Each structure stands twice: as C-alpha cells, then as structure tokens.
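A structural walkthrough
Each chain, letter by letter, is given below.
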Amino acid sequence: DDDTFSNVFCENSKKLINVHLFALAAKYYSLSNLGVCTPLEDILEALRGDHQGTTGIKTDEFMNNKKSHEVQVMSELVDSIANYCGIKQVIDIGSGKGYLSSFLSMQYNLKVYGIDSSNTNTNGAHERNRKLKKHWKAYQSRGRANLKSQRLEKANDRPVESEIKCKAISEKPLNNDSSLQSQDQVTIQDLVPSCGFTEVATSETSKQTEVDLVTQTQSDESKLSEEVLAILNVLPADAVEVSSSSQCSCGELCEEERAQRKMASLKAKATKSSESNLYFPLTSCITAETELSDIITDLEDCMMVGLHTCGDLAANTLRIFTAKPEIKAVCSVGCCYHLLSEQFENQEDCPEEVWGFPMCQYLKDKGWCCGRNARMSACLALERVAVGQMLPTESLFYRAVLQVIIEEIYGVTKSDRHVGKTFSKSSSFIDYVRRSLKKLELDDSKLPDSCIMDYHEKYKHRMNELEAFNMLKVVLAPCIEVLILLDRLCYLKEQDNIAWSGLVKLFDPVKSPRCYAVIALKKQSCF
C-alpha cells in the first residue's frame, strides 16, 4: 500500500531522503508492474484464431535496426487487426518517410494512405517507395539465382539414374488425369515444400511429353511468386511486372502457349498500375476536427495506425477514431510527450480548445497537470540506461549553464525558439554558447569569451549533481509515461462504441523506448 513509500520524502522539508525506496516506488507504479497491459502474443492469438501469420523477408535490408524492429512487429499486428475486422484500407497518421506504410502495402497487400504534415517527408516517402520497387527486380534476380543454385546442389547430391528423363518445377501436384500418371511412374516431393520441387521418373516417355514438360518448366519459372521464395515476400505477387529471361532450347513454343503467354503479359500490364500503387503518401495537417473524406476521396471501412505520432497527434488520432464510423480499429504508438498541450498547465480558461492532456473525464474533473518538466522526463529511456547507455551528461551540463547565462545576461526566462542539436556541432563550450545565442536570435557580441568560460568554471564542480538529478528523472520516467498512457486508455473506455481497448507492449524498450501501443476495436454494430 501507499504507506510503504511514505518515508521516501521528508514530511517537513519534502526533500528526498531515501533514494532506494524512491526507486522501488517508481518501479511499483510503472506500467510493466501494474498488470494492465495485454501481452502481444495473446492479442495476436485472439485476432488470428487458427490462421497463421505471414512470414516475409527481414526489413533490415531497407532500414536501420530500430526502425526495422518497429516496422516488422507493428505491421504484423496491424495486418492481424485488419484481417479480423475484414478491412483492406489503412490510414497511417504521421507517416513520416513511409517506412511502416510502404511495408504494410508491399508485405501485406494493404491499401495504405500515409498522411504527414511535412511535404518534405511526403516527397521523401514517394522517392523511397519508388526505389524500393526498383530494387524488387534485384531481389527477384537474387531469388532466381538462389533457386538455381539449390537445384544444382540437389542434383549433384543425388545419384544420376538413367530412368529420370526430365525435371519439372511446379507449384501444384500433377493432376490425377495426367498422361504421366501410370503404374510405372514414381513421384518424389522435394524436401523444401515451399519451393514445390517435383521430380518425375518414368520408364517410357514420348518425345512430345518431354517437350511438354520442358515447356511447362519454363512457363512455371517465369511465374515465380512470393510463395516460392521468402526473399520475394516484400511485395505482393502483382506489385511489379514479372519478366522472364528463359529461352526455349528444346523446340519452338506452340501457338496456344504463345497466345497464353501474350494474354498473361497483357493482364499483368493492365493491373500493374493499380496493384503497384497500394501506398499513397499525402501531405496534410491532422487535427481532432480533420475530415478524412476531404483528404481521401475513396475512404472506406479502414483502421488508423500511428508509429511514434508526435505530441498531440497521438491524442487526436484516438479522437478521430472514436468520432468517425468508417474507422473500425486503431493502433497508436505515441512519442514526444514534452510536446503535448495541457489544459491545466497555464490555468487558461479555453473550454473550446482541444488538448493533448488530459483526455479522460476522470483527470479532467481532477484538473490534473503534469507540466513540461515532468513530460520531458517521461521521454527518457530507463531500459537503455539500465544496460549501460548512459545519459549525455556533458551536453546536459552545457544546456543547463546556457540557461543560466540567458537568464542572467539577457533576462530571458522563456522562448519559443529551440537550441536543437547544437552540442554535436560545437567544438567547445564557447562555440556552443555562441551558436545557441544565434539560434535564439540573441546578440552575442556583448558577451566576451572570458565571461562565457567564467560561467563554465563556476558550475563545473556541480556536474555530478546534475548527473544524479537526471538519473532520478530517468527512474521516475516510467511513472509519468503511465499517467499519459492510462489517460488515453481511460478515454477509450469511456466511449460507448468501443468493443475492446488495451495497452500492448509492442517493442523491445532498449531498441525502441516508446514501446507501448494503444489499441482499440469498435463494436460489431458499428461495422
């Protein structure tokens, strides 16, 4: 109970007096310890039933380890939800460069609209998607080479028998009424069923039958799909035009076969445009009042997703989901808690304003406020620190001393401008201060180098204090994140049209610290 942690702070001074108990209390109130999360494995099993998930190629061929981990895990869940709800359209809010969107469309054949407020991101997503499709033929060629190599290895490993007249690759077993089905025939399935190798041995085979089999082999080779080679699973079968470089070496094709190939080629070209454009990057600023039908002309029953939607965008995603009947499900992973707008932070009376926090009526009635410092702390990564990825103490020290300089020399206590990643570009503390002042549009000419270094020396001995303070913030971070995430979950629980909602730990928190997804499905009557 709460009395266990009553001695963390001094009753009179309110100062921290028991660091160990403080850490235990923070752990006790963290999301992983409260038992409110639904395990990812459980929700996938419930959504799929007896169906198995799709196995595709690893995304680390296209993106870094962190993004690859996030996209693979989240896309599998999104596909399971979409299948459960019987929908094929996905709206990716805050899609950025389109990593998740493009993978959902190519790996799972979903029709995805990626919406981002940055036109630069949208253009980048277009270009990245174009390059990804361009490289498809390289993966296809690699797959063919691997297949050929496997066939040669298997052939070399087996004794050559004079009875074997030919080999055929087929994705389907031979029909029972085939001319080869006789008492003399032996059919051997290859050990790799996904590639569907079939060997046919016969004691007597006519010359015409041999030609037919060779023709069938070449025809099938030209139709290799993602079911044959897992490496090709990144795109649906018709996402690109399949070309064949095989040449007939055992006789000319018959007229019927030529006609069939020509018809197949025409059909492939006719469908290529629509099938290979399953991902549509769009530029638009999303708010709680956004009408999706104004942005997406062919809006249909769909689900909304968001992978690390920034600040208020995560909250607005949930509000749009609950308000729009077309949206049947949502899967949202938020980030950048420090950018959330808070209703009670400045005690301003703006009843019509839509705020990022709080969302649920319970916290609204309490007038709950976190404050920017607490929300900044919620962005810290305890799990990374726990495995040795320490905080950037020097850059934090530079930033703290800079703030003292700005307040004492320039009298500025609040600014809408940001210093950004100035530390990584600076050669020294003096360089850092001058670069920062220019970004803040403050005159640095009245500040000599000696004055800047005086501030540095004045506070240098307190760097250890700063490090200890930030470590306490890291320990407290999960508790503040809990408050924000439970607020969003409670908001969904308050809605009448929601069948199920929950929090799911999607990612490895060391790889991706903002690892929790808010998921909800609407009631069947809303479908």
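Keep in mind that this is a model prediction, so the values were computed, not measured.

1. So, a nonpolar patch on the surface
Among the surface-exposed residues, Tyr28, Tyr29, Leu34 and Val36 lie close enough to one another that they form a single nonpolar patch of about 310 Å² accessible area. Its place among the elements puts Tyr28 in helix H1 (residues 19-28). Overall, the relative accessible area of 38% leaves Tyr28 in the partly exposed class.

2. Details of unusual backbone geometry
With an omega dihedral of -5°, the bond running from Phe357 to Pro358 counts as a cis peptide bond. Its place among the elements puts Pro358 in the loop between strand E8 (327-335) and helix H12 (361-366). One non-glycine residue, Asn109, lies in the positive phi region at around 60°. Position of Asn109 among the secondary structure elements: in the loop between helix H5 (99-108) and strand E2 (111-116). Non-glycine residue Cys336 carries a positive phi angle of around 55°. Assignment of secondary structure puts Cys336 in the loop between E8 and H12. A residue is classified by how much of its surface remains accessible, and Cys336, at 22% relative accessible area, is partly exposed.

3. Remarks on helix H15 (residues 393-410)
Residues lying three or four places apart along an α-helix face the same way, a consequence of the helix completing one turn every 3.6 residues. Given a rise of 1.5 Å per residue, 18 residues ought to cover 26 Å, and the 25 Å separating the end C-alpha atoms of H15 matches this to within 8%. Buried residues of H15: Thr393, Ser395, Phe397, Tyr398, Val401, Leu402, Ile405, Ile406 and Tyr410, and no others. Tucked inside the fold, the buried residues of H15 contact helix H16 (429-439), helix H17 (449-460) and helix H18 (463-493). After H15 finishes, the residue Gly411 shows a positive phi value of roughly 70°.

4. A few points about the packing of aromatic side chains
Inspection of every chain in the model, using the stated rule, returns nine aromatic pairs. Between the aromatic rings of Tyr398 and Phe423, the centroid separation amounts to 5.2 Å while the plane-to-plane angle is 70°, which identifies the pairing as edge-to-face. Placement of Tyr398 in helix H15 and of Phe423 in the loop between H15 and H16 is noted, with a sequence separation of 25 residues between them. Taking relative accessible area as the criterion, Phe423 reaches 32% and is therefore assigned partly exposed. Measuring from centroid to centroid gives 4.9 Å for Tyr398 and Phe429, while their planes differ by 70°, and the two rings are edge-to-face. Highlighted residues: Tyr398 in helix H15 and Phe429 in helix H16, separated in sequence by 31 residues. An aromatic cluster of three or more residues is present, and its members are Tyr398, Phe423, Phe429 and Tyr432. Between the NZ or CZ atom of Lys522 and the centre of the ring of Phe321, over which it lies, the distance is 4.9 Å.

5. What to know about the packing of H16 against H17
In contact at an axis separation of 10 Å, H16 and H17 are set at 110° when each is read in the N-to-C sense. Between H16 and H17, the angle is such that the two are roughly perpendicular. Listed contacts from H17 to Phe429, Ile430, Val433 and Arg434 of H16 are Asp449, Ile452, Met453 and His456. Of the residues in the contact of H16 with H17, the class split is five nonpolar, one polar and two charged.

6. Notes on the nonpolar core
Met74, Leu77, Ile81, Met303, Cys331 and Leu506 are the most contacted members of the largest nonpolar core, which totals 72 residues. Setting aside residues no more than four positions away along its own chain, Ile81 makes contact with Leu47, Met303, Ala329, Cys331, Ile519 and Leu521. Listed in part, the 20 residues of the second largest apolar core include Val401, Val419, Leu442 and Leu447.

7. A short note on the side chain of Thr317
Tracing the sequence through the fold places Thr317 in helix H11 (residues 312-323). When its relative accessible area of 1% is taken as the criterion, Thr317 is described as buried. Within the structure, the side chain of Thr317 is placed 2.7 Å from the backbone oxygen of Leu313, a separation counted as a polar contact. In contact with Thr317, other than residues within four places in its own chain, are Ile93, Met304 and Val330.

8. Section: the pattern of salt bridges
What the rule picks out here adds up to 15 salt bridges. The partner of Glu76 in a salt bridge is Arg48, and the shortest N-O contact between them spans 2.2 Å. Taken together, the residues Glu76 in helix H4 (residues 65-85) and Arg48 in helix H3 (residues 40-48) connect sequence positions 28 residues apart. Since its relative accessible area comes to 28%, Glu76 is described here as partly exposed.

9. A word on the sheet that holds strand E6 (residues 279-283)
In any sheet, the strands associate via hydrogen bonds between backbone groups, in a parallel or an antiparallel arrangement. The seven strands are arranged E6-E2-E1-E7-E8-E10-E9 in an open sheet whose pairing can be described as mixed. Every interior strand has two partners, whereas the edge strands, E6 and strand E9 (498-505), have only one. Recorded for the sheet is a direction-independent mean angle of 15° between the axes of neighbouring strands. Two strands pair when backbone bridges link them, and E9 and strand E10 (residues 516-522) are joined in this way by seven bridges, in the antiparallel orientation. For Lys505, the partnering residue across the bridge sits in E10 and is Tyr516.

10. Some points on the pairing of strand E7 (residues 302-310)
Counting buried positions along E7 gives eight out of nine residues, so the element sits mostly inside the fold. Note: strand E1 (residues 89-93) against E7, four bridges, orientation parallel. Looking across to E7, one finds that Ile91 is bridged to Met304. Pairing geometry for E7 and E8, over eight bridges, is parallel. Within E8, the position partnered with Val305 by the bridge is Cys331. Remark: the E7/H11/E8 crossover connection has right-handed handedness.

11. Examining the pairing of E2
For E2, the tally of buried residues reaches five of six residues, placing the bulk of the element in the interior. Two strands pair when backbone bridges link them, and E1 and E2 are joined in this way by five bridges, in the parallel orientation. Along E2, the bridge assignment pairs Ile91 with Tyr113. Handedness of the crossover joining E1 and E2 through H5 is recorded here as right-handed. The sheet contact formed by E2 and E6 spans five bridges and is parallel. What sits directly across from Tyr113, in E6, is Phe280.

Thresholds, definitions, all that
- Residues numbered from 1 in each chain as written.
- Predicted model: local features only at pLDDT ≥ 70, side-chain atom pairs only at ≥ 80, totals over all residues.
- Heavy atoms only, no water.
- Patch = residues over 30% accessible without salt bridge, like charges linked within 9 Å, V, L, I, M, F, W, Y side chains within 5 Å.
- Areas by Shrake-Rupley, 256 points an atom, 1.4 Å probe, with all protein chains shown as cover.
- Salt bridge = Lys/Arg side-chain N within 4 Å of Asp/Glu carboxyl O.
- Helix = DSSP H or I, 4+ residues; strand = E, 2+ residues; numbered from the N terminus.
- Buried < 20%, exposed > 50% of the residue type's maximum accessible area, 1.4 Å probe, protein only.
- Expected span 1.5 Å × (residues − 1).
- Contact = heavy atoms within 4.5 Å.
- Phe/Tyr/Trp six-rings, centres within 6.5 Å; stacked < 30°, edge-to-face > 60°.
- Lys NZ or Arg CZ within 6 Å of the ring centre and 35° of its normal.
- Axes fitted to C-alpha atoms, helices over the stretch in contact; angles between N-to-C directions.
- Parallel < 35°, antiparallel > 145°, perpendicular 65-115°, else oblique.
- Nonpolar A, V, L, I, M, F, W, Y, C, P; charged D, E, K, R; others polar.
- Core = buried A, V, L, I, M, F, W, Y, C linked by side-chain atoms within 4.5 Å.
- Polar contact = N/O pair within 3.5 Å; in protein donor to acceptor, adjacent residues only side chain to side chain.
- Pairing = 2+ DSSP bridges.
- Right-handed = clockwise from strand over helix to strand, strands pointing away.

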